[in-house]
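# Analysis of the macromolecular model
So you can see what is in the structure, the chains are spelled out below.
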Amino acid sequence: MDPLAGLPIERVIATGASQSDIYLGYYHNLVHPSHAVVDGFLLVVGGWPLRTDLDVKVIRVQSERETATQSAEQDSAVYRRWEVAGSSHVPAGPRRMYLPPAQPGEYTTDLPPYSRIPLHFVINAALDHLVSWVKGISVPPVAPRIQYEGGVIARDQYGNAIGGIRLPQHAVPTATNTGFNSGPGQFDMLYGSYVPFSNEVLLSLYRNHGAYVSAVNHATNQSLSDGFLLTVDAHETRTKAAQSDYGKRSKTN
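Here the structure is a predicted model, which is why all the values come from computation and not from measurement.

Moving on to the pattern of salt bridges. According to the stated counting rule, one finds nine salt bridges in the structure shown. Between Asp-75 and Arg-145 there is a salt bridge whose closest N-O contact spans 3.6 Å. Here the residue Asp-75 occupies a position in the loop between strand 3 (57–63) and strand 4 (79–84), and Arg-145 occupies one in the loop between helix 3 (119–134) and strand 5 (148–149), the gap between them amounting to 70 residues. Judged by relative accessible area, Arg-145 falls into the partly exposed class, the value being 23%. Overlapping salt bridges bring together Asp-21, Arg-60, Glu-73, Arg-81 and Glu-83 as one network.

Our focus in this paragraph is the sheet that holds strand 1 (residues 13–17). Strands sit in the order 1-2-3-4 across an open sheet of four strands; the sheet is parallel. The open sheet has two edge strands with one neighbour each: strand 1 and strand 4. On average, each strand axis in the sheet is tilted by 10 degrees relative to the strand beside it, whichever way the strands run. Relative to strand 3, strand 2 (residues 40–44) runs parallel, the two sharing five bridges. Pairing of Phe-41 across the sheet is with Val-58, part of strand 3. Where helix 3 meets the sheet, it contacts strand 1, strand 2, strand 3 and strand 4, and its direction lies at approximately 175 degrees from that of strand 3.

By secondary structure assignment, the location of Asp-233 is in helix 7 (residues 231–243). As a buried residue without a salt bridge, Asp-233 has its nearest oppositely charged side chain in Lys-240, at a separation of 9.1 Å. When near neighbours in sequence (up to four residues on either side) are disregarded, Asp-233 contacts Phe-121 and Asn-124.

Scoring rules and cut-offs
Residues numbered from 1 in each chain as written. Predicted model: local features only at pLDDT ≥ 70, side-chain atom pairs only at ≥ 80, totals over all residues. Heavy atoms only, no water. Salt bridge = Lys/Arg side-chain N within 4 Å of Asp/Glu carboxyl O. Helix = DSSP H or I, 4+ residues; strand = E, 2+ residues; numbered from the N terminus. Buried < 20%, exposed > 50% of the residue type's maximum accessible area, 1.4 Å probe, protein only. Pairing = 2+ DSSP bridges. Axes fitted to C-alpha atoms, helices over the stretch in contact; angles between N-to-C directions. Contact = heavy atoms within 4.5 Å. Lys, Arg positive; Asp, Glu negative; His and termini not counted.

None of this, on its own, says anything about what the molecule does.
What follows is the structure in structure tokens.
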């Protein structure tokens, strides 16, 4: 049975995240050189070291947690490494696809889990760029790396990471979002953390709701211009900002 119903195959893109990223890294290094059936690789939240003598296109998207892994990797004519500030290995968005929202007392992590930085927005943009790249249409942008000081991620006064790809949800913060957590659970360390700002901090940052929405719109335009956000995800970002209560005297998270 032909799953493509006779449609011709023009390009093959292989992608995998986390454990699948590791196995795909094996494939890139050991199998692809002999078969060369893949035109581009999209590797997500992994870190398996890749050989650098191949000509196949690769984009690697890392959450904040993986940025220390293989951090010396250099962008090249066939490789891009994108690091998303504030994001976690298991973010809130994809988690909601298969589990109900976590409530206080329903998790074992030491901090409230699941970063609200939408890592999947950057993955969407990366796939879009990779398709254009393997077709020879355009080259994906080089992304700034998350900054480190003394072997640890540099953070601002609110505890948010400095540098990296800064989506509007990070550039215009309403919480401390990180890629790290701890706890007795086997996977607690992968969930990242989300600690909302107090109402006082929010009002000190955004004098009113219009100021917050304006800041989000500006940051969204910047992410679009930089190439790390698709138009559809920019629309969702703007809509959620407009519908939120941030900057109002009474806000909800």
